[in-house]
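Listed below are the residues making up each chain.
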Amino acid sequence: MSDQATPPSLYAAREPIFPRRVSGPFRNLKWIILIVTLGIYYVVPWLRWDRGPDLPNQAVLLDLANRRFYFFWIDIWSHEFYFVAGLLIMAGLGLFLFTSALGRVWCGYACPQTVWTDLFILVERWVEGDRNARLRLHRQEKTDFRKVRLRLTKWTLWLLISVATGGAWVFYFADAPTLFVDLFTGQAAAVAYITVAILTATTFGFGGFAREQICIYACPWPRIQAAMMDEDTLTVAYREWRGEPRKHSEEAKSEPMGDCIDCMACVNVCPMGIDIRDGQQLECITCALCIDACDDVMERIGKPRGLIDYIALSDEKLERAGNKPRAIWKHIFRPRTLLYTALWGGVGVALMVALFIRADIEVTVAPVRNPTFVTMSDGSIRNTYDIRLRNKNNDERLFRIAVQGDPAVRIQLEGTPYASVSVAADASHLQRVYVIAPPNSSPAEAERTDIRFWIEDLSNGDRAYKDSSFTGKGQQ
Ligand code: SF4
Ligand code: SF4
């Protein structure tokens, strides 16, 4: 059969990338961000915060069993999850803001995939050597003792990091010291082991082997980011008008040469394995390591730095025309970024206000409508309500429940002859309450009477209320 019978394969195997070590300001910035972000991730579950007796003393804890989120001095109940929604909205707006000002800085510096891949590459380089040594090892067909030793050492270190990553994650959901012991003594819940196993596998696979494939094929962000960028966005680019024709090109043989000496340093350090001189590419995460590499080369050959640089499209037009680029602050402070900043700040202020004005007493009232009312033996009409009281204080409180509306109605609490109920510290209590209207009274005869439940904290006089209605016999 001829070649026509065999369609070309649509599958292309991954070409391994072996980024070369590079140093410079952007690399240093990435190291700082890596240390800070990983430090926060691994250390935070071990921070303690005294909330008094009966409450967890872990500074940051997502207590799923009790549906509570503790964050240092703030604790959020399940019905207050709008705070978390607000924080997510702020995170999204922050991402929009940074992307519109500086392109994919999130991808290049702080995305977990980037941070862990950086860490794995650091380990790889430490065990197997820099780019050339790793390339030689990769191309070595014979599997000798050295190759096995290096591979096993590298994979073992990767595995330890991966287990620590999965382990740190579950510590956010339970008391970390207790869970740490439980995990090693086989006493932890199955879900903890499963979570650690899944995160270990994903960290090992994504950081060790899939690496740039996750950014290129699995992550939707590169496709979305274009909507947030415009021609004023600063992003990593090659000053082709200054660098071309490069040393080895055909044109350079006849024309005056550009500044690019075609040393490939920018390509060799790129964790995505691309050549920024080919123009903007979806694969570029704007990590700026090629800037460090090229600046180093430019310094060594006595040319100005910045052949590869953070450049805006609008400046490119200016520079090509021989003009100076605009000041960086003009790219950062423009209507689009100011709008994102205002929205971000607005949501932040709203959350802070909501946090500081929230009441220490939370009340919900649910009328029991099956049946809507009961006629008692003496002819009085009784309605039933379920009142949930949340005591957000760190000590037990006594709450008095009263009803306001028609003076004829009276209240009765199930299980107690008193009009008050005790609620434990930082807990909620469901109390069944009866509201009774005497025979022939206006609420008993009317179809519907508005009433208001008042809850008073007897220790400090704080009050809260909830409106509801009383159902009488009406037109029956
Ligand atoms: S590092 Fe600079 S000089 Fe070297 S190939 Fe890249 S752009 Fe050209
Ligand atoms: S081209 Fe430069 S900025 Fe883009 S991913 Fe590669 S090294 Fe990072």
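What you see is a predicted model, and the numbers here were worked out from it, not measured in a lab.

A few points about the state of the cysteines
Taken as a whole and assessed by the stated rule, the structure comprises zero disulfides. Take C107: it sits in no disulfide, and the sulfur closest to it among the cysteines is that of C219, at 6.1 Å. On the basis of relative accessible area, C107 is assigned to the buried category, the value being 7%. No disulfide involves C111; its nearest neighbouring cysteine sulfur is the one of C107, lying 6.2 Å away. By relative accessible area, which is 18% here, C111 ends up buried.

Brief notes about the domain arrangement of the protein
We note that the domain assignment places domain 1 (25–79 + 111–224), domain 2 (235–326) and domain 3 (361–471) within the protein. For domain 2 and domain 3, the distance between their C-alpha centres works out to 74 Å.

Describing the pattern of salt bridges
If you walk through the whole model with that rule in mind, you get 37 salt bridges. R134 is paired through a salt bridge with D130; the nearest N and O atoms lie 3.8 Å apart. Looking at D130, the relative accessible area reads 27%, which means it is partly exposed. The shortest N-O distance in the salt bridge between E316 and R320 comes to 3.2 Å. Taken as a pair, E316 and R320 lie in helix α15 (residues 313–320) at a separation of four residues, close to a single helical turn. Residues participating in the shared-partner salt-bridge network are E124, R125, E128, D130, R134, R151, K154 and R211.

Some thoughts on the environment of T114
Tracing the sequence through the fold places T114 in helix α4 (residues 112–128). For T114, a relative accessible area of 8% corresponds to the buried category. Along the chain, T114 and N28 lie 86 residues apart, while their C-alpha atoms are 15 Å from each other. Excluding its chain neighbours within four sequence positions, the residues that come into contact with T114 are K30, C107, G108, Y109 and I285.

Considering the nonpolar core
One finds V236, M272, I276, I308 and Y310 to be the most contacted residues of the largest nonpolar core, which totals 37 residues. Counting residues per element, the ones that place at least two in this core are α3 (105–110), α9 (212–218), β4 (234–238), α13 (265–268), α14 (289–300) and β5 (308–312). For this core, the leading source of residues is α14, giving seven residues. Counting only domains with at least three residues in this core, you end up with domain 1 (25–79 + 111–224) and domain 2 (235–326). When neighbours within four sequence positions are excluded, V236 is seen to be in contact with I276, Q280, T286, A288, C290, I291, I308, D309 and Y310. In terms of nonpolar packing, the next biggest core, distinct from the first, is built from 27 residues, Y41, V44, V115 and I161 among them.

Rules behind the numbers
Residues numbered from 1 in each chain as written. Chains lettered and ligands numbered in written order. Predicted model: local features only at pLDDT ≥ 70, side-chain atom pairs only at ≥ 80, totals over all residues. Heavy atoms only, no water. Disulfide = S-S within 2.5 Å. Buried < 20%, exposed > 50% of the residue type's maximum accessible area, 1.4 Å probe, protein only. Domains from an automatic or database assignment. Salt bridge = Lys/Arg side-chain N within 4 Å of Asp/Glu carboxyl O. Helix = DSSP H or I, 4+ residues; strand = E, 2+ residues; numbered from the N terminus. Contact = heavy atoms within 4.5 Å. Core = buried A, V, L, I, M, F, W, Y, C linked by side-chain atoms within 4.5 Å.

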